[in-house]
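Observations on the model geometry
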Amino acid sequence: MACIVFGWYPIGVALVVAFQKFSVVRPCTYIGLDNFKYFIDDPTIYISFRNIFYYAGLNIILVFMVPIFISIFLMEMRKSIIRIMMILWFIPVASMAGIIIWKWFYNVQYGLFNGILRYLGFPELQWLQDENLAMICLVLPGLIMFGPGLIYIATLQGIPEELYEAAHLEGASFFQKIWHVTLPRIRPIIAMMLLLSIIGNLQVFDQPYVMTGGGPNFATYSVVMYLFDIAFEQMRFGRATALSLILFVVIMVFVIIQRKYFKENPDI
Amino acid sequence: MPLIPKVGRKKISMRFLMGTITAVLWLGVALHLFPVWWMFTTSIKPSYEILKFPPTLWPAHPSLAAYRLFFYLSAGGWDVLQYPIKIYMKNSGIITAGIMLIQIPITALMAYALSKLYSPRWTRLLFLICIGTMLIPMQVSLIPRYLIMRHFPFPTRHIPNIPFTDIPFPHYNFLNSYWAVILPSIYSPFNLLLFKGFFDTVPPELINAARLDGASELGIFRRIILPMSKPVFAVVSYFTFSSAWNMFMWPLIVIQKNKLYPLSVMLYKFQNILQSQQVVPAEPETRRLLESGMSYNGLMAISIIESIPVFIMFVLLREQLMTGIKLRGFK
């Protein structure tokens, strides 16, 4: 019941509203594909889609791998050390707090990073106000605020130790063991997390909204921010819903690609 | 410790490898802790010390002024600073508690029914219906949800009459209330997957035996399933808690009253005030506040306050979390 009311009902409404000129006061009128046609000539949508692809790509190259390797390395430690490290790593920073402190670090005048650069005698950087640098700045916090994924740890603990012993007897080196024993075992989880991370990253909103507000010259303007602006600044709900459907189709393409290429089970 | 065999540990190369790994891990911990440490020390620095460079690792004159100012803020402030921070704390608390108290039982019972009570054919259909929403990104339903919340359960202002009468169907505007935030998240397909994955592992003999003994279905759930599934409940409550606590975009949309903002939105607004204050002179009330020592230390104080509950939650559920994550629903 709850699932239908709050899961499917909005989606049905979305499908209807996307084809309407939605107005708060007057009854809605059906305008066919006009909401979608608007976006064909709209430069902002291309910019925002380019931005989210860039963001998702950077995120996956820089950030996505880190927890995997941290988790693998963490398994080498003694039990007591694992416990201490896990607690230290999971001293969480509420997400908004994390974003805000990073915004301060990047601050051109008072920020820590420029302070360090000034101290060491390097030229100061514009960080979030630099068109080219801004997107990387958005991704970097993820690199530092990472932790071992609980999910990876749980899966790693389930790998039987005999596999490693066998690999060792056959003379596998350290990295060979990671490559041939560990990674195939956690591949389904990696695939799942990759999918979730792509979906999540393509919908990014909080970080750019708070840190750059769309960034210098739209450099960090994401699709969801655009959607937010259309809907709640311009009050054009129909057009915004059309945009959300476009985003959905793009994400769906990724999901389908992912399902096609990551379907192997290591035990078979 | 599977990668490095126990036998060869004494060899130099192995020791080197081990040392490198340990160093990398501790470096990671240090990097991770640095912002937290920075947040904490800044929050207890007096304001003249905050922008000093090189920064002090421990404040020369620690003071709790930033915290005090927030708990006893009197009326007459501006924008989000009108209210003391405990108001926002309470908002966040109510929203999070509401989501947890409603969502977890609903999702758990749904998962249990799906896993044990229906015949396989129905299970498959219902499961697809339930999980289907997970594939569709939350942003697609963002605007419809907003519209629905405005005239629940109708998306438009045009509300049909009850047939054969002139009375319109009952509807309710949930915007600007806690319910607007709580209601859309009372069902979570992700948690349903977690629960179902766990309930599927419960042997059916156990349940059948209890049925023979005359236990009711709810009784079975409460007496047999609940005690068994502590870890999965821990995992789900941790995820639910942190996502509800960190929710930003949705409250920003549906709540327009300063008084009802959760902490995350409040933090954002406060940060905006600080930023704009550098460019244009703010209102006298705000300036008074800022001159009395409120700047980044205040911001950091709220950040710390916002982070504490998540940490407490993690410490409480840590043991369960470590053992509990078996994502069997992931396929």
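The sections below set out a description of the structure shown in this document. From a predicted model like this one, the values you see are computed outputs, not experimental measurements.

Once that is clear, we can look at the overall build of chain B. Scanning chain B for helices and strands turns up 15 helices and zero strands. When contacts within chain B are restricted to residue pairs at least 6 apart in sequence, those whose partners lie at least 24 apart make up 69%. For chain B, the accessible surface area stands at approximately 16000 Å², while carbon and sulfur atoms represent 68% of it.

With respect to the secondary-structure elements, asparagine 246 of chain B resides in helix 11 (residues 230-246). For asparagine 246 of chain B, the contacting residues outside a window of four places in its chain are Ala94 and Ser95 of chain A together with Ser264 and Glu306 of chain B.

Helix 1 (residues 12-43) of chain B packs onto helix 5 (residues 95-106) of chain A with a crossing angle of 80° between their chain directions and a minimal axis gap of 11 Å. In terms of orientation, helix 5 of chain A lies roughly perpendicular with respect to helix 1 of chain B. On helix 1 of chain B, the residues touching Ala97, Gly98, Ile101, Trp102, Trp104 and Phe105 of chain A of helix 5 of chain A are Phe34, Pro35, Trp38, Met39 and Thr42 of chain B. Grouping the amino acids of the contact of helix 5 of chain A with helix 1 of chain B by side-chain chemistry returns nine nonpolar, two polar and no charged.

All names here are of chain B. Interhelical geometry of helix 4 (residues 85-117) versus helix 10 (residues 217-228) gives an angle of 105° and a closest axis separation of 12 Å. In terms of their interaxial angle, helix 4 and helix 10 are classed as roughly perpendicular. For the pair formed by helix 4 and helix 10, the contact residues are Ala108, Leu109, Tyr112 and Leu117 on the first element and Glu217, Leu218, Ile220, Phe221 and Ile225 on the second. Its residues placed into classes, the contact of helix 4 with helix 10 shows eight nonpolar, no polar and one charged.

Where burial is concerned, most of helix 8 (residues 189-199) of chain B is hidden: nine out of the eleven residues are buried. Along helix 8 of chain B, the residues classified as buried are Pro189, Asn191, Leu192, Leu193, Leu194, Phe195, Lys196, Gly197 and Phe199 of chain B.

Our focus in this paragraph is a nonpolar patch on the surface. Residues and elements named next belong to chain A. On the surface, a cluster of nonpolar side chains totalling about 460 Å² of accessible area is made up of Ile116, Tyr119, Leu120 and Phe122. Looking at where tyrosine 119 falls in the secondary structure, it is placed in helix 6 (residues 112-120). Since its relative accessible area comes to 58%, tyrosine 119 is described here as exposed.

The next thing to look at is the packing of aromatic side chains. If you walk through the whole model with that rule in mind, you get 16 aromatic pairs over all chains. Ring geometry for phenylalanine 34 of chain B and tryptophan 38 of chain B: centres 5.6 Å apart, planes at 40°, overall tilted. Of this pair, phenylalanine 34 of chain B and tryptophan 38 of chain B both sit in helix 1, four residues apart, which is roughly one turn of that helix. The exposure class assigned to tryptophan 38 of chain B is buried, which follows from its relative accessible area of 6%. For the pair phenylalanine 248 of chain B and tyrosine 268 of chain B, a centre-to-centre distance of 5.4 Å together with 75° between the ring planes defines the contact as edge-to-face. Residue phenylalanine 248 of chain B is located in the loop between helix 11 and helix 12 (249-254), and its partner tyrosine 268 of chain B is located in helix 13 (residues 263-279); the two are separated by 20 residues in the primary sequence. Residue classification places phenylalanine 248 of chain B among the buried positions, given a relative accessible area of 1%. Judged by relative accessible area, which is 9%, tyrosine 268 of chain B ranks as buried. Pairwise contacts between aromatic rings join Phe205, Tyr209 and Phe228 of chain A together with Phe248 and Tyr268 of chain B into one cluster.

The rules behind the values
- Residues numbered from 1 in each chain as written.
- Chains lettered and ligands numbered in written order.
- Predicted model: local features only at pLDDT ≥ 70, side-chain atom pairs only at ≥ 80, totals over all residues.
- Heavy atoms only, no water.
- Helix = DSSP H or I, 4+ residues; strand = E, 2+ residues; numbered from the N terminus.
- Contact = heavy atoms within 4.5 Å.
- Areas by Shrake-Rupley, 256 points an atom, 1.4 Å probe, with all protein chains shown as cover.
- Axes fitted to C-alpha atoms, helices over the stretch in contact; angles between N-to-C directions.
- Parallel < 35°, antiparallel > 145°, perpendicular 65-115°, else oblique.
- Nonpolar A, V, L, I, M, F, W, Y, C, P; charged D, E, K, R; others polar.
- Buried < 20%, exposed > 50% of the residue type's maximum accessible area, 1.4 Å probe, protein only.
- Patch = residues over 30% accessible without salt bridge, like charges linked within 9 Å, V, L, I, M, F, W, Y side chains within 5 Å.
- Salt bridge = Lys/Arg side-chain N within 4 Å of Asp/Glu carboxyl O.
- Phe/Tyr/Trp six-rings, centres within 6.5 Å; stacked < 30°, edge-to-face > 60°.

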